[in-house]
Amino acid sequence: MEHPAEASPVRAEIDLWAQGKQAGHLRVPYSRDDSGWGTIGIPVVVVANGEGPTLLLTAGNHGDEYEGQVTLLRLAQALDPAALSGRVIILPAMHFPAALAGTRKSPLDGKDFNRCFPGNPRGSFADVLAHYIDSHLLPLCDAQMDLHSGGTGMDIVPSAVGHVLPDEGYMAKTLAMADAFGAPITLVLEEVNAGPTLLAAAERRGVVALSSELGGIGRLNPRGLAITERGVRNVMKHLGMLDGAPEGEGSRRMTVPDMRHYVFAPHDGIWEAADGLGATVAEGAIAGRLHRIEAPLAPALELSYAAGGLLWCTRGPGRCRAGDPVAVVARDL
Ligand SMILES: [Zn+2]
């Protein structure tokens with residue numbers, strides 16, 4: 001499915017078709033009071049050698065998710081063009097203003113970058129950048145992987161994340177890439193509001209694409225980092241871009257089928273989880289207690305799991321607000 005091809009004001013400082021390794025910036029206009037022609041440079045590294053697929057690797061879609069950012073820095077530094085077949089386009093800090101600030105949303109326009117696709121070349125900074133990635137980078141690509149974690153708010157069992165796709169062949173290719181990535185879990189979702197995400201943008205263009213959740217709570221999780229580094233190289237081996245076979249112990253395919261698998265806080269409070277991340281939990285069991293520090297004699301509210309399975313995602317910070325998910329349970333596919 002094509003979007004109207006409108007010219008982008010974003011300029012790549014490097015030649016996306018050159019061989020070897022190049023590093024530079026995607027220059028995005030950002031007008032300020034003291035610099036009407038100001039720009040912000042999004043770091044980009046392209047490594048290319050001979051024939052082969054094109055893979056787009058992105059991290060820093062949300063600025064407070066670090067396993068992907070560090071994985072892509074290391075990959076960009078270590079990757080020897082002579083060892084590669086094809087082209088890899090690396091954006092280690094895609095939504096650069098948020099990545100620099102260490103925040104989920106942009107300090108420039110307050111936008112969640114993963115709600116901006118397919119973007120708008122006349123919109124805000126995030127819209128303009130999303131439009132460039134959708135209309136100028138994705139059409140070059142055979143495969144794409146957008147590396148996320150749980151951010152400040154959540155902690156998540158390291159997982160590849162894909163969507164349920166109506167085309168069986170496309171679904172099979174997506175699952176094969178997820179198997180190669182080799183995270184402990186592959187979560188296959190029928191996402192409710194997937195349209196404005198980069199993953200959905202890649203799917204609209206027929207690119208074999210995965211998202212991921214590789215840790216969280218605003219930290220760099222060493223285990224998540226190791227899984228991500230191995231996984232990205234596994235995907236490149238799977239695509240025939242690097243020699244060798246993917247390494248790992250396989251991935252458990254799971255899903256979060258419906259809202260019963262979420263536990264939401266009904267009011268503000270301090271969340272005391274009953275179980276650790278990755279625990280096996282039973283339907284009806286206590287998920288945790290929500291404390292009201294403003295009402296010292298009020299008993300804590302006990303919340304229960306409406307469905308059993310694996311505790312895939314937990315609330316990160318203790319303080320939560322009404323409507324926040326405090327637990328998400330996944331079940332085997
Ligand atoms: Zn994210």
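Residues numbered from 1 in each chain as written. Predicted model: local features only at pLDDT ≥ 70, side-chain atom pairs only at ≥ 80, totals over all residues. Heavy atoms only, no water.

### Side note on the overall build of the protein chain
For clarity, the threshold we go by: Working definition: helices are DSSP H or I runs of at least four residues, strands are E runs of at least two. Numbering for both runs from the N terminus. Values of the radius of gyration come from C-alpha atoms, whereas the globule rule sets the reference at 2.2 Å times the count of residues to the power 0.38. Note on classification: 1.4 Å probe, protein chains only; a residue is buried when its accessible area is under 20% of the maximum for its type, exposed when over 50%, partly exposed between these limits. The Shrake-Rupley method, run with a 1.4 Å probe sphere, supplies the accessible areas, and residue values consider only the shown protein chains as cover.
When you go through the protein chain residue by residue, the secondary structure sums to six helices and 19 strands. In terms of C-alpha radius of gyration, the protein chain reaches 20 Å, essentially the compact-globule figure of 20 Å for 333 residues. Based on the C-alpha atoms only, the size of the protein chain along its principal axes is roughly 65 × 55 × 35 Å. Counting the 333 residues in the protein chain, one finds 52% classified as buried. Looking at the protein chain as shown, the accessible area adds up to about 14,300 Å², and 54% of this sits on carbon and sulfur atoms.

### Quick look at the domain arrangement of the protein chain
Put simply, an interface is often sized by how much accessible area is lost when its parts join up. Worth spelling out the cut-off: For every domain, the bounds stem from an assignment made automatically or drawn from a database. Residues are treated as being in contact if the distance between any of their heavy atoms lies within 4.5 Å. Computed with a 1.4 Å rolling probe, the buried area is the accessible surface lost when two parts are put together, summed over both parts.
Once the domains are mapped, the protein chain shows domain 1 (11-255) and domain 2 (259-332). Here domain 1 and domain 2 have C-alpha centroids that lie 30 Å from each other. Facing the 16 residues of domain 1 at the interface are 13 residues of domain 2. Between domain 1 and domain 2, roughly 1,200 Å² of surface is buried when both sides are summed, and carbon and sulfur atoms account for 65% of that area.

### Digging into the coordination of the zinc ion
Put simply, the rule reads: For Na, K and Ca the donor cut-off is 3.2 Å, and for all other metals it is 2.8 Å, counting N, O and S atoms only; because water is absent from this set, sites may look incomplete. Each label reflects the angles at the metal, where four donors whose angles all fall between 85 and 135 degrees are tetrahedral, four or six donors whose opposite pairs open beyond 155 degrees and whose other angles stay between 65 and 115 are square planar or octahedral respectively, and the rest are irregular.
Coordination of the zinc ion by the protein comes from H62 (ND1), E65 (OE), E65 (OE) and H148 (ND1), over a distance range of 2.0 to 2.3 Å. Classification of the site at the zinc ion as irregular follows from its four donor atoms and the range of 57 to 151 degrees in their angles at the metal. Ordering the donors of the zinc ion by residue number gives the pattern H-x2-E-x82-H. Within this pair, whereas E65 is found in the loop between β4 (54-59) and α1 (67-78), its partner H148 is found in the loop between β6 (143-147) and β7 (154-156), the two being separated by 83 residues in sequence. A single burial state applies to E65 and to H148, both of which are buried.

### So, the sheet that holds strand β18 (residues 319-320)
Quick note on the threshold: Whether two strands pair depends on DSSP finding at least two bridges between them.
Strands sit in the order β16-β15-β13-β18 across an open sheet of four strands; the sheet is antiparallel. A strand with exactly one partner marks an edge of an open sheet, and here the two such strands are β16 (301-304) and β18. Where strand β13 (residues 269-273) lies against strand β15 (residues 286-291), four bridges are found, and the strand directions are antiparallel. Bridge pairing in β15 places A273 opposite G288.

### Some remarks on the nonpolar core
To be explicit about the condition: Take the buried residues of types Ala, Val, Leu, Ile, Met, Phe, Trp, Tyr and Cys, join any two whose side-chain atoms come within 4.5 Å, and each joined set is a nonpolar core.
Core analysis: the largest hydrophobic core is formed by 34 residues, its most contacted members being V88, F181 and M236. Contributions of two or more residues to this core are made by β3 (39-49), β4, α1, β5 (86-91), β6, α4 (168-181), β10 (208-213) and α6 (222-238). With near-sequence residues (within four places) excluded, F181 lies in contact with M145, L147, A160, L214, I227, T228, G231, V232, N234 and V235. Listed in part, the 33 residues of the second largest apolar core include I40, L129, Y132 and A209.

### So, the side chain of E67
Stated formally: Only four residue types enter the tally: Lys and Arg on the positive side, Asp and Glu on the negative side, with His and both chain ends excluded. Salt bridges, as used here, are contacts in which a Lys or Arg side-chain nitrogen is within 4 Å of a carboxyl oxygen on Asp or Glu. Pairs of N or O atoms are called polar contacts if they sit within 3.5 Å, as long as, within protein, a hydrogen donor faces a hydrogen acceptor (for residues adjacent in sequence, only side-chain-to-side-chain pairs).
Relative to the helices and strands, E67 is located in helix α1. The charged side chain of E67 is buried without a salt bridge, its nearest counter-charge being R219 at 5.7 Å. Engagement of the side chain of E67 in a polar contact is seen with the side chain of S149, the distance being 2.5 Å. Those residues within four positions of E67 in sequence are excluded, and the remaining contacts are S149, L214, G215, G216, R219, L220, N221, G224, L225 and T228.

### Examining the pattern of salt bridges
Side chains bearing opposite charge may pair, as long as their charged atoms lie close to each other. In this structure the tally under the stated criterion is 17 salt bridges. Its salt-bridge partner being E229, residue R74 comes within 2.6 Å of it at the nearest N-O pair. Linking R74 in helix α1 with E229 in helix α6, this pair joins segments that are 155 residues apart in sequence. When its relative accessible area of 42% is taken as the criterion, R74 is described as partly exposed. In this structure E229 comes out as partly exposed when scored by relative accessible area, which is 25%. Note that D127 and K111 form a salt bridge whose closest N and O atoms lie 2.6 Å from each other. Highlighted residues: D127 in helix α3 (residues 125-137) and K111 in the loop between α2 (96-101) and α3, separated in sequence by 16 residues. When its relative accessible area of 28% is taken as the criterion, K111 is described as partly exposed. Each of E65, R104 and D112 takes part in salt bridges that share partners, so that together they form one network.

### A look at the pairing of β13
Pairing analysis gives two bridges linking β13 to β18, with the strands arranged antiparallel. Among the inter-strand pairings, I270 is bridged to a residue of β18, identified as R319.

### Concerning the side chain of E203
Assignment of secondary structure puts E203 in helix α5 (residues 198-204). There is no salt bridge for the buried E203, and the closest opposite charge comes from R204, which lies 7.2 Å off by N-O distance. For E203, the side chain forms a polar contact with the side chain of H163, separated by 3.0 Å. When sequence neighbours within four positions are dropped, the list of residues in contact with E203 reads H163, L165 and Y170.

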